[in-house]
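Single-letter residue listing:
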Amino acid sequence: MLPDRTGQAEAFDAIGQHYDDAFPHKDGQLAAGRRLADALPPGSRVLDMGCGTGLPTARQLADAGHFVLGVDLSAGMLDLARKNVPAQNAEFRQLDLAALRAEGPGGVGQFDGIAAFFALLMLPRNEIPYALRLLHGLLRPGGLLALAMVEADLDDAGIPFLGHTIRVSGYLREELRQVVRDAGFDIVDEDTYSYAPASTDVPPEHQLFLHCRRG
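Residues numbered from 1 in each chain as written. Predicted model: local features only at pLDDT ≥ 70, side-chain atom pairs only at ≥ 80, totals over all residues. Heavy atoms only, no water.

## Some thoughts on unusual backbone geometry
Working note: non-glycine residues mostly have negative phi, and peptide bonds are mostly trans.
Here is step 1: Backbone torsion omega between L55 and P56 reads 0°, so that peptide bond is classified as cis.
Here is step 2: Residues other than glycine seldom take positive phi values, yet F118 does so here, at roughly 65°.
Here is step 3: Among the secondary structure elements, F118 is positioned in the loop between β4 (111–117) and α6 (128–138).
Here is step 4: Assessed through its relative accessible area of 15%, F118 is described here as buried.
Here is step 5: Although it is not a glycine, D156 sits at a positive phi angle of roughly 55°. (Helix = DSSP H or I, 4+ residues; strand = E, 2+ residues; numbered from the N terminus. Buried < 20%, exposed > 50% of the residue type's maximum accessible area, 1.4 Å probe, protein only.)

## Things to note about the pattern of salt bridges
Here is step 1: Inspection of every chain in the model, using the stated rule, returns 12 salt bridges.
Here is step 2: The salt bridge partner of R167 is D156, with a shortest N-O separation of 3.3 Å. Residue R167 is located in strand β7 (residues 164–170), and its partner D156 is located in strand β6 (residues 154–161); the two are separated by 11 residues in the primary sequence.
Here is step 3: Judged by relative accessible area, D156 falls into the partly exposed class, the value being 27%.
Here is step 4: A salt bridge links E190 to R177; the nearest nitrogen and oxygen atoms lie 2.8 Å apart. With a gap of 13 residues between them, E190 in strand β8 (residues 185–195) and R177 in helix α7 (residues 173–182) connect regions that are remote in the sequence.
Here is step 5: Look at R177 and you get buried, because its relative accessible area is 17%. (Salt bridge = Lys/Arg side-chain N within 4 Å of Asp/Glu carboxyl O.)

## Section: the nonpolar core
Here is step 1: Membership of the largest hydrophobic core comes to 59 residues, with the highest contact counts inside it found for L47, L120, L132, L138 and L145.
Here is step 2: With eight residues, the top contributor of residues to this core is strand β5 (residues 139–150).
Here is step 3: With near-sequence residues (within four places) excluded, L132 lies in contact with L120, L145, L147, V179, V180, A183 and F185. (Core = buried A, V, L, I, M, F, W, Y, C linked by side-chain atoms within 4.5 Å. Contact = heavy atoms within 4.5 Å.)

## Notes on the side chain of S74
Here is step 1: Note that S74 resides in the loop between β2 (67–72) and α5 (75–84).
Here is step 2: Classification of S74 as buried rests on a relative accessible area of 0%.
Here is step 3: From its side chain, S74 meets the backbone nitrogen of M77 in a polar contact 3.0 Å long. (Polar contact = N/O pair within 3.5 Å; in protein donor to acceptor, adjacent residues only side chain to side chain.)

## Quick word on the environment of L95
Here is step 1: Topologically, L95 is positioned in the loop between β3 (90–94) and β4.
Here is step 2: Exposure remark for L95: the relative accessible area of 21% places this residue in the partly exposed category.
Here is step 3: L95 sits 24 residues away from V71 along the chain, and the two C-alpha atoms are 5.9 Å apart.
Here is step 4: With near-sequence residues (within four places) excluded, L95 lies in contact with V71, D72, L73, L100 and V108.

Structure below.
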């Protein structure tokens, strides 16, 4: 039985168009997406987990000649993604991460690369190791994972976000590294960015980008 994430999906449906306005400068995500796109063989199949509006990552990957499957809980976000990313190089589906399977009914197949930018922070901590192992299983041997999380010692905490409440989790960086390694990934490199959303008074958050390979 899948977890009930209706509240999260409804929040992002409502946020919709305002999301990219509130987060206009995604330097870390742009750099990590570009690095993933460049590191993959030409014409690779890539999963964009928690793709949101498709900007910037699904669009980056598609523009680089890769085929992208974008997955998100929010139907509203997916509608925007279909407008933002060329259809010939991308497909978008409304799916919960926990429902992803390579084979069988509704199977999504395997991928050469996965981008998971701030998708796992929407899960309770006890689900994150499972989610990472699931992503590991969706990658072909030697496949690449670009993972981004916010560095924070939080577990399923409710926070205000663009006029709505969403629930988020996080780790301090050494614990995050361990959780990722335990799921079977080799961490090749990492980057840290300090980021504050536009038009808010919140202090900057520390975004961690891990560049990983399926071990």
